[in-house]
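# Coordinate inspection notes
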Amino acid sequence: MSTLRDLLRANDLRFVVFSRGLSDTEWSQPSLCTRWSNHEVLAHLVLGYRVALAPLMWGMVRHRGSFDAANAELAEAAAHRHGPAELIDEFARLMDRPRAVGRIFPKRLLLGDHVIHELDIAFGLGREPHVEAAALVAVLNTQVRIPNPFVPAAAIARGLHLIATDVDWAHGDGPLTVTGGAAQLASVLAGRPWALDRLAGDGIDELRARL
């Protein structure tokens with residue numbers, strides 16, 4: 001059985017290949033992650049492997065304690081300073097030699113962050129994502145089982161019966177059911193309503209109301 005470290009590294013290697021296939025125009029397009037372009041999403045992923053605590057904490061002080069605002073400011077600044085090709089090369093180096101926060105951040109949460117943001121890019125561009133089934137299952141399990149103050153997926157999923165139609169995964173036994181592709185379910189649980197139209201079941205209206 002693959003460990004989370006193995007899943008993360010395999011996913012990162014595949015993401016680098018995917019990223020190198022995008023054009024400058026595609027990098028400039030909006031992602032599904034609110035307010036960020038695909039370029040800024042990429043910068044965020046790089047920062048996850050090497051940002052130090054000090055600039056993050058100072059950013060939170062400037063933004064009255066808001067982690068999201070500080071995180072967004074850092075990603076936008078990094079995207080302004082570095083082009084996509086440079087950021088992809090840095091990501092490829094850092095995935096085996098993370099620094100600062102990247103050395104201590106839980107692999108389970110890193111995998112979730114990397115997969116969801118790749119989906120933000122791919123779905124935003126109208127592309128079919130190619131995340132491996134094992135990685136998607138690991139991300140879905142993390143979303144529904146581990147409370148996360150930044151991505152309240154567990155609360156969104158509570159009381160629903162969720163069934164992936166393309167991988168061996170299901171969760172919950174509530175009276176309302178939602179079915180669909182694993183990538184689409186993961187994206188919706190991460191708070192992206194775009195994929196709701198790709199899902200089915202009598203729990204869709206309840207799920208929509210929770211986002």
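Residues numbered from 1 in each chain as written. Predicted model: local features only at pLDDT ≥ 70, side-chain atom pairs only at ≥ 80, totals over all residues. Heavy atoms only, no water.

### Quick look at the overall build of the protein chain
Each helix and strand counted, the protein chain has 12 helices and three strands in total. Structurally, the protein chain occupies a C-alpha span of about 50 × 40 × 35 Å along its principal axes. Each of the 211 residues in the protein chain was classed as buried or not, and the buried ones make up 48%. Taken together, the 22 basic and 24 acidic charged side chains of the protein chain have centroids lying 8 Å from each other. (Helix = DSSP H or I, 4+ residues; strand = E, 2+ residues; numbered from the N terminus. Buried < 20%, exposed > 50% of the residue type's maximum accessible area, 1.4 Å probe, protein only. Lys, Arg positive; Asp, Glu negative; His and termini not counted. Charge placed at Lys NZ, Arg CZ, Asp CG, Glu CD.)

### Let's talk about helix α8 (residues 107-124)
The terminal C-alpha atoms of α8, which comprises 18 residues, lie 25 Å apart, in line with the 26 Å expected from a rise of 1.5 Å per residue. Counting buried positions over the 18 residues of α8 gives 13, a clear majority of the element. Of the residues one or two after α8, G126 is the one with positive phi, at around 75°. (Expected span 1.5 Å × (residues − 1).)

### Some points on the packing of helix α1 (residues 4-20) against α8
With their axes 9 Å apart at the nearest point, α1 and α8 run at an angle of 25° to one another. Classed by the angle they form, the pair α1 and α8 counts as roughly parallel. Judged by the twist between their axes, the crossing of α1 over α8 is left-handed. Note on element contacts: α8 touches α1 through K107, R108, L110, L111, H114, V115, E118, I121 and A122, opposite L4, R5, L7, L8, N11, D12, R14, F15 and F18. Of the residues contributing to the contact of α1 with α8, the split by class is 10 nonpolar, two polar and six charged. (Axes fitted to C-alpha atoms, helices over the stretch in contact; angles between N-to-C directions. Parallel < 35°, antiparallel > 145°, perpendicular 65-115°, else oblique. Left-handed = near helix turned anticlockwise from the far one by under 90°. Contact = heavy atoms within 4.5 Å. Nonpolar A, V, L, I, M, F, W, Y, C, P; charged D, E, K, R; others polar.)

### Considerations on the pairing of strand β1 (residues 160-164)
Across the two faces of β1 the burial differs, with L160, L162 and A164 buried and H161 and I163 not buried at all. As defined by bridge partners, β1 adjoins strand β3 (residues 176-180) across five bridges and the pair is classed as parallel. Within the sheet, the bridge partner assigned to H161 lies in β3 and is T177. (Pairing = 2+ DSSP bridges.)

### Considering the side chain of E40
Take E40: it is sitting in helix α3 (residues 38-48). Among buried charged residues, E40 stands out as having no salt bridge; its nearest opposite-charge side chain is R35, 6.6 Å away. Those residues in contact with E40 that sit more than four places away from it in its chain are R35, A75, E76 and A79. (Salt bridge = Lys/Arg side-chain N within 4 Å of Asp/Glu carboxyl O.)

### A look at the pattern of salt bridges
Enumeration according to the criterion identifies eight salt bridges in this entry. Here E118 and R14 are joined by a salt bridge, their closest N and O atoms 2.7 Å apart. Note that E118 is positioned in helix α8 and R14 in helix α1, a separation of 104 residues in sequence. R14 matches E118 in its accessibility class, with the two residues each being buried.

### Here we look at unusual backbone geometry
Despite not being glycine, R35 shows a phi value in the positive range, around 75°. Its place among the elements puts R35 in the loop between α2 (24-27) and α3. Classification of R35 by relative accessible area gives exposed; the value is 59%. We note that A100 has phi near 50°; this positive angle belongs to a residue other than glycine. Within the secondary structure, A100 is located in the loop between α6 (84-94) and α7 (101-104). Given the relative accessible area of 35%, A100 is considered partly exposed.

### Some words on the environment of W36
Relative to the helices and strands, W36 is located in the loop between α2 and α3. What makes W36 buried here is its relative accessible area of 6%. For the pair W36 and A75, spaced 39 residues apart in sequence, the C-alpha to C-alpha distance is 8.8 Å. Not counting residues up to four positions away in its chain, the partners in contact with W36 are P30, S31, V41, H44, N71, A72, A75, E76 and H117.

### What about α1?
Given a rise of 1.5 Å per residue, 17 residues ought to cover 24 Å, and the 24 Å separating the end C-alpha atoms of α1 matches this to within 8%. Taken together, the buried positions of α1 are L7, L8, N11, D12, R14, F15, V16, F18 and S19. On the buried face of α1, the contacting elements are α2, α3, α6, α8 and α9 (133-145).

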